[in-house]
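Listed below, chain by chain, are the residues.
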Amino acid sequence: MTGLLLTDSRQSQRRSRQRRLEAIVMGLLISAASIAILVTIGIVLSMAFETVHFFRIYDWTKFFFGSTWSPNFRGDSELAILPLLWGTLYISAVALFVAVPVGLFAAVYLAEFAGPKVRATAKPLLELLAGIPTIVYGLFALITVGPGLVRLFGEGGVFGVSWMAGASSVLTAGLVMGIMLIPFVSSLSDDIINAVPQSLRDGSLGLGATRSETIRQVVLPAALPGVVGAILLAASRAIGETMIVVMGAGAVAKISGNPFEAMTTITTRIVSQLTGDSDFTSPETLVAFALGISLFVLTLGLNIVALAVVRKYREQYE
Amino acid sequence: MTLRSKSLFAADPHIQSRKRADARFKLYGLAAILAGLALLAVLLGTVIGNGLGAFQQSYLTLEVELLESKLDKNGNRDIEEIKKVTTFGYDPLLTAAAERLIETQNIQTDLRAKDIAKLLSKSAVSDLRDFVVADTSRIGRTVSFDFLVNARVDGYLKGRVTRESIADDKMISAEQLDAVDQLVAAGALVKRFNLDFILGSDASDQRPEAAGIGTAMLGSLAMMLVVLVLTLPVGVSASIYLEEFAPKNRLTDLIEVNISNLAAVPSIVFGILGLAVFINILHLPMSAPLVGGLVLSLMTLPTIIISSRAAMKSVPPSIRDAALGVGASRMQAVFHHVLPLAAPGILTGTIIGLAQALGETAPLLLIGMVGFIASTTPETMGDALLAPNSALPAQIFEWAKRADPAFYERAWGGIIVLLVFLVAMNAVAILLRRRFERRW
């Protein structure tokens, strides 16, 4: 009887020790999970402080609505985001112009026409394009695509036009970025097209429509919100991309419609304002934080919209 | 009602045109896939075509007489005195060796021996000096030494430099190239595998032929260690909590939304964070792999959390129920049963996350890992983490920025090294998945 009591008390002792240990472990797990929030707060705060600092020494209306970007380290700089935003959006548009048709057609073929063997080889190979580091694309733009385009469109080039003066241009960066984005569009669209219920296809085919008619008039309209979400995600990727534009787009801030001209983007200016000896009291350095937070808000907004669209679409068919 | 077709078996024009449209549509899809694959092939072809040259280097073999009168005037082999002889002291030895080479190989040239010695790399003299300082008993003897030739001569052997391209080049003349042709024919100047590119350190922008990627590789290795040590425990703990214990409430919703958004934040923003927090507030040293590793850890964390959660989700609930049924606590069920079963999936996700981090460049620009010459190999672990260093992608970017086109070849070669690492890591991940993944 005493033995039974003894083991019982020993066991309850063990159990309480175990419980205390588990409480500690649980605390550790919770704190690990909250690190994700801490990082986000860190990102926002680290940029917000310096941005506030920046707007104290530089007029915010000039930053958001001015039209010239000409930093001058002796002071008296004009630091407006608009020319940079224009370059960013223009290059992203060129990239999407390349990636969306190729990616979408590839996704349609993979989802609707390709046999299992073709699918099993082509899909991972296309996804390789997304796994290649951006520095590789940057070097490709700088050394291969840029000079190649000059040979085509430059002075004394194949087409006999002299549209391109230097190898850095909107087209150079846009084309290369487009290659990088193909798998972003194709993979997500492929998943989304696959999620369209088979009954829709069967109904259309049963009424005598051909496969291409079914795809164009039934499957794609049904998948449209998801595809739009995929394109938005690709756009957000394009806007935040750094290495390709640093190496391929140039450093001239201007608002122009000519894709053969060099333009610059938000990300390249962040890099150029923050590398080298930077003085963290001058507006020329601090502007990088204002640019950074603008970029963060822009890409975050696109992502939230894109994810909401994709999620809504998924619920529709579940 | 008009009959559009006379026969049931022959398609009428309308059907025919619809069928043609169908075939065309399918063709567009196929063309898109082929275009994507062709672009991939072009990209890889460019990398390999341009980069393989970096793994070969040209060397000129010279018989150098290590004159005691020049290197050790007092003849007492005192290492301190020998070290005092600067590289200028070694120049005459090279010129004399070049003269001997012209005579013995019977090279027909109007050039003086000095101009032949100029075919050598700018690092040739210091290489010779290091060779002598390493073993002073070599003084007084005649040794056969393989010298690096300069980037122009090396480029000529690789076909990058031609007689047309050097018309305005002050570094090399057509007569020198004539001499090079004869030296190649005589077998004194050869191109061979260049281990120094893989193991060596970066060189100043005057000496592309001596630049190697080894030190940058160590920088990347140190960063990957930091990333692994930080993200694996934190990432796995976070996913255990979110997947197994988290109650469904506002806070956990917020964490989840946060994680998926963090995965999509542009990498340059993490660079800004690193600069503001780790360097400006915590005063960690610029260009240190530790800082690079910290920044990359923040970027890799979401990837690891997402893949670890997927791995834990795929462990069926029956396993947990069985463990709980025999009296295990929830914590024991997770740590003793779910986690070991999810381990291969977690590991696969970790390797893929590390591979992503390895190729990331943009945040490294902001914390100063580009723009200086990573020429000293770190000796200790502390040095490897805290001394300024470069990293694989940062070194590639650095080379791409330099003026001499000989560095482009190095940059492409660096990319081959980077891609080999990425392919190897992904292959390990795929192998792990194939071998250990269980389908329930």
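Residues numbered from 1 in each chain as written. Chains lettered and ligands numbered in written order. Predicted model: local features only at pLDDT ≥ 70, side-chain atom pairs only at ≥ 80, totals over all residues.

Peer 1: How would you sum up the overall build of chain A? Please name residues and give values.
Peer 2: Helices and strands together make up the secondary structure of chain A, namely 11 helices and two strands. Written out in order from the N terminus, the α and β elements of chain A read α-α-β-β-α-α-α-α-α-α-α-α-α. Taking 2.2 N^0.38 as the reference for a compact globule, 318 residues should give roughly 20 Å; the C-alpha atoms of chain A span a radius of gyration of 27 Å, well beyond that estimate. Projecting the C-alpha coordinates of chain A onto the three principal axes gives extents of approximately 105 × 70 × 35 Å. Summarising the internal contacts of chain A: among those between residues at least 6 apart in sequence, 72% fall at separations of at least 24. (Helix = DSSP H or I, 4+ residues; strand = E, 2+ residues; numbered from the N terminus. Rg over C-alpha atoms; globule rule 2.2 N^0.38 Å. Contact = placed C-beta atoms within 7 Å.)

Peer 1: Any chance you could break down the overall build of chain B for me, citing the residues and the numbers?
Peer 2: Scanning chain B from N- to C-terminus turns up 19 helices and three strands. Relative to the compact-globule value of 22 Å for 440 residues, chain B shows a C-alpha radius of gyration of 31 Å, a clear excess of over 25%. Projecting the C-alpha coordinates of chain B onto the three principal axes gives extents of approximately 95 × 80 × 40 Å. Looking at the 440 residues of chain B, the share that counts as buried comes to 43%. (Buried ≥ 20, exposed ≤ 12 C-beta atoms within 10 Å, placed from the backbone.)

Peer 1: Can you explain the interface of chain A and chain B? Please cite residues and give values.
Peer 2: One frequently used descriptor of interface size is the decrease in accessible area upon assembly of the parts. Across the boundary between the two partners, chain A contributes 63 residues, which contact 64 residues of chain B. Per element, the largest residue contribution to the side of chain A that touches chain B is 19 residues, and it comes from helix α1 (residues 2–57) of chain A. Across the side of chain A that touches chain B, the residue classes break down as 44 nonpolar, 16 polar and three charged. (Nonpolar A, V, L, I, M, F, W, Y, C, P; charged D, E, K, R; others polar.)

Peer 1: Hey, could you go over the domain arrangement of chain B for me, with residue numbers and the actual values?
Peer 2: According to the domain assignment, chain B contains domain 1 (56–193) and domain 2 (214–436). Here the C-alpha centroids of domain 1 of chain B and domain 2 of chain B sit 45 Å apart. (Domains from an automatic or database assignment.)

Peer 1: Lay out the domain arrangement of chain A in plain terms, naming residues and giving numbers.
Peer 2: Residues and elements named next belong to chain A. The domain architecture assigned to chain A consists of domain 1 (2–57) and domain 2 (69–316). Distance from the C-alpha centre of domain 1 to the C-alpha centre of domain 2: 40 Å. At the interface, eight residues of domain 1 touch eight residues of domain 2. Residues of the side of domain 1 that touches domain 2, tallied by class, amount to five nonpolar, two polar and one charged.

Peer 1: Quick one: what's the story with the sheet that holds strand β3 (residues 189–193) of chain B, residue by residue and with numbers?
Peer 2: Residue and element names in this part refer to chain B. Judged by pairing direction, the sheet is antiparallel, and its three strands sit side by side in the order β2-β1-β3 without closing on themselves. Each having just a single partner strand, β2 (142–148) and β3 make up the two edges of the open sheet. The average undirected angle you get between the axes of adjacent strands in this sheet is 40 degrees. With five bridges joining them, strand β1 (residues 56–65) and β3 adopt antiparallel strand pairing. What sits directly across from Leu 60, in β3, is Leu 189. (Pairing = 2+ DSSP bridges. Axes fitted to C-alpha atoms, helices over the stretch in contact; angles between N-to-C directions.)

Peer 1: Kindly report on helix α10 (residues 214–245) of chain B, identifying the contributing residues and their values.
Peer 2: Residue and element names in this part refer to chain B. The end-to-end C-alpha distance of α10 is 45 Å, a good match for the 46 Å that 32 residues give at a rise of 1.5 Å each. Thr 231 marks the point of greatest bend in α10, at about 30 degrees, and the proline Pro 233 comes within the next four residues. The buried count for α10 comes to 23 of 32 residues, which makes it a mostly enclosed element. (Expected span 1.5 Å × (residues − 1). Bend = angle between axes of the 7 residues up to and from the residue.)

Peer 1: Can you tell me about the nonpolar core, naming the residues and giving the values?
Peer 2: Of all hydrophobic cores here, the largest spans 196 residues; its most connected members are Leu 139, Val 176, Leu 181, Val 185 and Ala 234 of chain A. The contacts of Val 185 of chain A, once residues within four sequence positions are left out, are Ala 99, Val 100, Gly 103, Leu 104, Ala 230, Ile 231 and Ala 234 of chain A. (Core = buried A, V, L, I, M, F, W, Y, C linked by C-beta atoms within 7 Å.)

Peer 1: Report on the environment of Phe 73 of chain A, specifying residues and quantitative values.
Peer 2: Residues and elements named next belong to chain A. Tracing the chain through its elements places Phe 73 in the loop between β1 (69–70) and β2 (78–79). C-beta crowding within 10 Å serves as the criterion here: with 12 such atoms nearby, Phe 73 is assigned to the exposed category. A sequence separation of 209 residues divides Phe 73 from Ser 282, and the C-alpha atoms of the two residues are 8.3 Å apart.

Peer 1: Just give me the short version of helix α8 (residues 211–240) of chain A, but keep the residues and values in it.
Peer 2: Three- or four-residue spacings in an α-helix give side chains the same orientation, since the helix completes a turn every 3.6 residues. In this model, α8 of chain A (30 residues) spans only 38 Å end to end at C-alpha, well below the 44 Å of a helix rising 1.5 Å per residue. Along its length, α8 of chain A reaches its greatest deviation from straightness, about 60 degrees, at Leu 224 of chain A, and the proline Pro 225 of chain A lies no more than four positions downstream.

Peer 1: An account of the packing of helix α4 (residues 87–104) of chain B against helix α6 (residues 124–134) of chain B is requested, with residue identities and associated values reported.
Peer 2: Residue and element names in this part refer to chain B. Where α4 meets α6, the closest approach of the two axes is 9 Å, and the angle between their N-to-C directions is 100 degrees. One finds that α4 runs roughly perpendicular with respect to α6. Contact residues: Thr 87, Tyr 90, Asp 91 and Leu 94 in α4; Ala 124, Val 125, Ser 126, Leu 128 and Arg 129 in α6. Class assignment of the residues belonging to the contact of α4 with α6 gives a composition of five nonpolar, two polar and two charged. (Parallel < 35°, antiparallel > 145°, perpendicular 65-115°, else oblique.)

Peer 1: For unusual backbone geometry, give the residues involved together with the corresponding values.
Peer 2: Residues and elements named next belong to chain B. Despite not being glycine, His 283 has its phi angle at roughly 55 degrees, a positive value. Inspection of the secondary structure assignment puts His 283 in the loop between α12 (267–281) and α13 (289–313). Judged by the 7 C-beta atoms lying within 10 Å of it, His 283 is exposed. You will see that Ser 287, though not glycine, has its phi angle at about 60 degrees, which is positive.

Peer 1: Quick one: what's the story with the environment of Ile 272 of chain B, residue by residue and with numbers?
Peer 2: For Ile 272 of chain B, the location among the structural elements is in helix α12. Taking the number of C-beta atoms within 10 Å as the measure of exposure, Ile 272 of chain B has 27 and is therefore buried. Residues contacting Ile 272 of chain B, with those up to four places away along its chain left out, are Ser 46, Met 47, Ile 270, Phe 289 and Gly 292 of chain A together with Leu 366 of chain B.

Peer 1: How would you explain the confidence of the model for chain B if you had to name every residue and give the values?
Peer 2: Residue and element names in this part refer to chain B. The pLDDT averaged across chain B works out to 86; a share of 98% of its residues lies at or above 70. Helix α2 (residues 68–71) is the least confidently modelled element of chain B, averaging 78 in pLDDT, while helix α14 (residues 317–325) averages 93, the highest of any element. Predicted complex, confidence summary: ipTM 0.89, pTM 0.89. (pLDDT = per-residue confidence, 0-100.)

Peer 1: Just give me the short version of the environment of Ala 23 of chain B, but keep the residues and values in it.
Peer 2: Summarising the element assignment, Ala 23 of chain B is placed in helix α1 (residues 13–51). C-alpha separation for the pair Ala 23 of chain B and Arg 433 of chain B, spaced 410 residues apart in sequence, amounts to 39 Å.

Peer 1: Run through the packing of helix α15 (residues 330–359) of chain B against helix α19 (residues 406–436) of chain B, naming residues and quoting values.
Peer 2: Residues and elements named next belong to chain B. Remark: α15 packs on α19, axes separated minimally by 9 Å, with the N-to-C direction vectors making an angle of 170 degrees. The angle between α15 and α19 falls in the class roughly antiparallel. Residue-level contacts link Pro 344, Leu 347, Thr 348, Ile 351, Ile 352, Leu 354, Ala 355, Leu 358 and Gly 359 of α15 to Leu 418, Phe 421, Leu 422, Met 425, Asn 426, Val 428, Ala 429, Leu 432, Arg 433 and Phe 436 of α19. Its residues assigned to classes, the contact of α15 with α19 shows 15 nonpolar, three polar and one charged.

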